[in-house]
Amino acid sequence: MTRETKAKQGPFNLIIAGVGGQGTIFASQVVARAAIEEGFSVRIAETYGVTQRGGPVYSQVRIGRQVYGPLIPKGCCHLLLGLEPIEALRRGADYLAPRAGVVLNTHVSVPLETQLGKQPDLRIETIERQLRKLGAGELLAMDARAMAEEAGGATTTNVLLLGAMCGFDVFPLSYNSVESAMRATTRPRFLEANLVSLDRGREYALAVKNVNQNN
Amino acid sequence: MRKEVLLSDAPGTRVLLLGNEAIARGAIEAGVQFVTGYPGTPSTEIMETLIEAAPHLDFVAHWSVNEKVAFDAATGASFSGVRSMVIMKHVGLNVAADSLQQLKLIDIAGGFVIVSVDDPSGLSSNNEQDNRWYAKFAGLPAIEPADLNEAREMAKRAFEISEELRTPVILRSVTRLGHMTGDLELGEFDRNRREPNFDGTRQWTPFPCLEPERRLREKLRQAGEVFERYEFDVYQGMGSEKIGVVGAGFAFNYAQEAVDRLGLRGEVALLKIGTVNPLPNRIIHRLLNHVSQVLVVEDVTPFLEEGIKAEAQGIHRPIQIHGRKSGALPEVGETILDDVVSALADVVRQESPDRALPSDVLLSKGRAEQSTAIQKLIPRRQIGFCAGCSHRATYYALTKALQNAGIKDPIVVGDIGCYTLGFYPPFSILQTMTSMGASMGTSDALAQLNPSRKVIAVIGDSTFYHAGMPGLLQIAQQQRPVLIIAMDNSVTASTGQQPHPGTWQLTDERTVIPIEDIARAFQIPHVRVVRSLQIKRLIRELEEALVLDVPAMIVSRQACALEPGERWRERTVVAKVDAAKCDGCLACVEEYGCPAFVAAEDGEGKMAIDPVLCNGCASCKIVCPQGAIYLERLEPEE
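The paragraphs below set out a description of the structure included in this document. As the structure is a computational prediction, the values presented were derived from the model and not from experiment. (Residues numbered from 1 in each chain as written. Chains lettered and ligands numbered in written order. Predicted model: local features only at pLDDT ≥ 70, side-chain atom pairs only at ≥ 80, totals over all residues. Heavy atoms only, no water.)

Before going further, it helps to examine the overall build of chain A. In terms of regular secondary structure, chain A is built from 9 helices and 6 strands. Expressed as a percentage of its 215 residues, the buried residues of chain A come to 61%. Carbon together with sulfur atoms contributes 48% to the accessible area of chain A, which is approximately 8200 Å² in total. Side chains of chain A give 24 positive and 20 negative charges; the mean places of these two sets differ by 6 Å. (Helix = DSSP H or I, 4+ residues; strand = E, 2+ residues; numbered from the N terminus. Buried < 20%, exposed > 50% of the residue type's maximum accessible area, 1.4 Å probe, protein only. Areas by Shrake-Rupley, 256 points an atom, 1.4 Å probe, with all protein chains shown as cover. Lys, Arg positive; Asp, Glu negative; His and termini not counted. Charge placed at Lys NZ, Arg CZ, Asp CG, Glu CD.)

This part covers unusual backbone geometry. Residue and element names in this part refer to chain B. Residue Asn 277 is joined to Pro 278 through a cis peptide bond whose omega torsion reads -5°. Structurally, Pro 278 is set in the loop between strand E12 (275-277) and helix H12 (281-288). Cis geometry is adopted by the peptide bond preceding Val 300, which originates at Asp 299 and carries an omega value of 10°. By the secondary structure assignment, Val 300 is in the loop between strand E13 (293-297) and helix H13 (303-312). Phi is positive for Ser 428, which is not a glycine, with a value near 45°. Here Ser 428 shows up in the loop between strand E15 (411-413) and helix H17 (438-449). When its relative accessible area of 45% is taken as the criterion, Ser 428 is described as partly exposed. Positive phi outside glycine occurs at Ala 618, with the angle close to 70°. Checked against the element boundaries, Ala 618 lands in the loop between strand E22 (607-609) and strand E23 (629-633).

Moving on: the interface of chain B and chain A. With 62 residues of chain B at the interface, the matching set in chain A holds 60 residues. Summed over both partners, the interface of chain B with chain A comes to about 5100 Å²; 55% of that surface belongs to carbon and sulfur atoms. Taken as a group, B:Pro379, B:Arg380 and B:Arg381 account for 15% of the area that chain B buries against chain A, more than any other trio of residues on that side. As a salt-bridge pair, A:Arg145 and B:Asp610 come within 2.7 Å of each other at their nearest N and O atoms. Here chain B is connected to chain A by 25 residue pairs in polar contact (both at pLDDT 80 or more). Contributions of two or more residues to the side of chain B that touches chain A are made by strand E1 (14-18), strand E8 (180-185), helix H11 (252-261), helix H14 (337-351), helix H15 (365-377), helix H22 (587-591) and strand E21 (597-599) of chain B. Considering only residue class, the side of chain B that touches chain A consists of 29 nonpolar, 16 polar and 17 charged. Note: strand E2 (residues 41-45) of chain A against E8(B), 3 bridges, orientation antiparallel. Following the sheet pairing, A:Ala45 is matched in E8(B) by B:Met180. (Contact = heavy atoms within 4.5 Å. Buried area = accessible area lost by both parts, 1.4 Å probe. Salt bridge = Lys/Arg side-chain N within 4 Å of Asp/Glu carboxyl O. Polar contact = N/O pair within 3.5 Å; in protein donor to acceptor, adjacent residues only side chain to side chain. Nonpolar A, V, L, I, M, F, W, Y, C, P; charged D, E, K, R; others polar. Pairing = 2+ DSSP bridges.)

Soluble globular proteins tend to pack their nonpolar side chains together in the buried interior. In this structure, B:Met553 and B:Phe597 are the most contacted members of the largest nonpolar core, which totals 76 residues. The biggest single contributor to this core is helix H16 (residues 390-404) of chain B, with 7 residues. When we break this core down by domain, the ones giving at least three residues each are domain 3 (390-565) and domain 4 (570-633) of chain B. When residues no more than four places from it in sequence are discounted, the contact partners of B:Phe597 are A:Gln115, B:Cys588, B:Val589, B:Tyr592, B:Met607, B:Ala608, B:Ile609, B:Cys620 and B:Ile629. Counting 74 residues, the second-largest nonpolar core is a separate cluster that includes B:Val35, B:Val117, B:Ala151 and B:Phe159. (Core = buried A, V, L, I, M, F, W, Y, C linked by side-chain atoms within 4.5 Å. Domains from an automatic or database assignment.)

Before going further, it helps to spend a moment on the packing of helix H8 (residues 148-165) of chain B against helix H10 (residues 210-230) of chain B. Packed helices, taken two at a time, are described by the angle their axes make and the gap between the axes. All names here are of chain B. Packing of H8 against H10 brings their axes to within 10 Å, and their N-to-C directions diverge by 140°. As for how H8 packs across H10, the hand of that crossing is right-handed. Between H8 and H10, the contacting residues are Arg 157, Glu 160, Ile 161, Glu 164 and Leu 165 on the first element and Lys 219, Gln 222, Ala 223, Val 226, Phe 227, Arg 229 and Tyr 230 on the second. (Axes fitted to C-alpha atoms, helices over the stretch in contact; angles between N-to-C directions. Left-handed = near helix turned anticlockwise from the far one by under 90°.)

Below, the discussion takes up the sheet that holds strand E5 (residues 112-118) of chain B. Residues and elements named next belong to chain B. In spatial order, the strands read E3-E2-E4-E5-E7-E6-E12; together these 7 strands make up an open sheet with mixed pairing. Every other strand in the sheet has two partners, leaving strand E3 (60-63) and E12 as the edge strands with one partner each. Pairing of strand E2 (residues 34-37) with E3, which is carried by 4 bridges, proceeds in the parallel orientation. Among the inter-strand pairings, Val 35 is bridged to a residue of E3, identified as Ala 61. Against the sheet, helix H3 (residues 44-57) engages E2, E3, strand E4 (84-89) and E5, with an angle of about 135° to E3.

Set out below in structure tokens:
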């Protein structure tokens, strides 16, 4: 399917889910800039303010020739970028479309009340299983934080996952425009680290895809 | 950042902006010369953007102490003949309402625009009040944009309209628009810069009010005609459709998308309403003349639905009006597209039972049940204080001081700000929270009526300056034995670190006015200032103050951990857990709850500290009963 036909079927819907401070807004801004560079229209709904202090946050990104509101209808998310796996499932449960792509960081951020034993734990294996039961198509689970520590540093985890997302067939934008948007969005002192992690994420996604195709 | 875009004089360029930035750009295009406001999610970025642009375009932009002061200041600017704007969140207009109700009666000079960003569902607020009613209540013209381009355009045109009618104009926006990023086109700059010139030959007051009241009603009638020139209201129909879908402001997006999802484009008439007050009755009648059913989509209350229903009385034919009031859409909460799709499908089924509708536009029953089942598995994630936050240290110290003093049933009165999270675990210590500054007056009466219990009021620095000062004056004058803890992190933190009169980090020449100086001037007999992260000393000071029988204030002061200077400061230490000493008692999580505390990877229930999340504040050392937390010095980076 070409990018053009994808856009004609209504907007492409992406959700970026994580915990306050992980950089969901930054990731969505990079995608938005890449989208308008490619001539698309874009609308993003974000969580700001006191709601973001360590709490659940998510950005809804819609890309297309014409986009009205920024809110994605239930069951219509084509690609889910999970910066934190519990939060990925929280949004995936309501929004995942059949055969949607999922990029999943396996590094869990355990909620306070779970640490205190006041509510049950949710293990990464369960999260992956539930996402598959929801009809996820391509699902790439990776310890993105560990990988980022070896690439541009732990604070570039969001960027590494963004890079991995670029390797997905359903993602309608090219890696080049994401990289160029990254250059335009990042503060100079963090740019080199971000570019290293962005590239590492994409390489990893492509490598996994190759292995899967050869098997 | 986006400064180049905001200052760019290249009309027609397509750019990426936040809704709030689009409103700021509209004000810039209008040649605004004076802007002020008080920070409040979801409106804050409008002022922040204008403050950034101001030095480059030579206009005045600064935060005010509260919304009333801001409103009154913008009034002075308008009286001086320049275009002025005042910006606030929905509840901020309550604070400025007295001024609003007076200014509306005065023939203003420079265009005066009031920006109110409403917060449907109260995503960052205590309520979801619908400020369109303020426009109706005050009798003032008001408009609301449906998208980014219109946000920019309306912010700009509001000044012209205000000057033409010589009355303030309200621009109503909502969170979803203000915090939406997207593409839009830049407009042209208005080059009519004016020299401030206060006309002292006339009297700027509504008194006596009857003639101004009469004139205001005349202005509102004129406003209806003026608005028609701007085409804020758009009718899309053939004049024969039986169903009409109406969207107010931003909610029009949901109306359009619902029509498209159900494949009804061309079969139903669409009406976009951009004018709030007065309602555009001519265009509403154009729709009512041919439809038999209308679905009204709007955030938050049935303001437009009621208005259309009143208009439909004049049509001698039954027309059913559906919306939030009729029960077709939920009575409370932000508009959700799926609800609009389902309400519109119901209207279609009622009007033409034979019309087939696509079956896959809403979640199937099975898929919805699966979603509910999974949501039950997912743990709650409560918001909490950031790593390095001074409020955590203060609440911890208060908890310990109350234990040490043997006070078991204190009344702890909260206020508005980040420290409101004291309602939640691990502290769960606050018992009341209403409006800005309310902790002062409320604790005064609680102490008077519950003399056997210790009353403690916590109030943040910005909230104290905003509306806490008069209440403190009352506590002082009544000599009420309330312990006030001023949780002073030196900025308006919850909205993103805006400065206020106590912000000592300011580099300009403004005088800093510390809270303790005000308390002493108000004759509070016991005032102490403590660094929040010096927890032992803070506990001692609180213990001492808790047993006093006079008004007392402890200023617990430490810069916000996210304050720009703090955020990027190099950490010199990180906290670590000595695995040999940790016995997994979880006291650190139960009593302190820093997000940097994580389970150790050994799987034996011991704790560790995430070196990335640790802010290096070193305050947590005190909380471990085993003394297992130690500090590791970091090598300076090259």
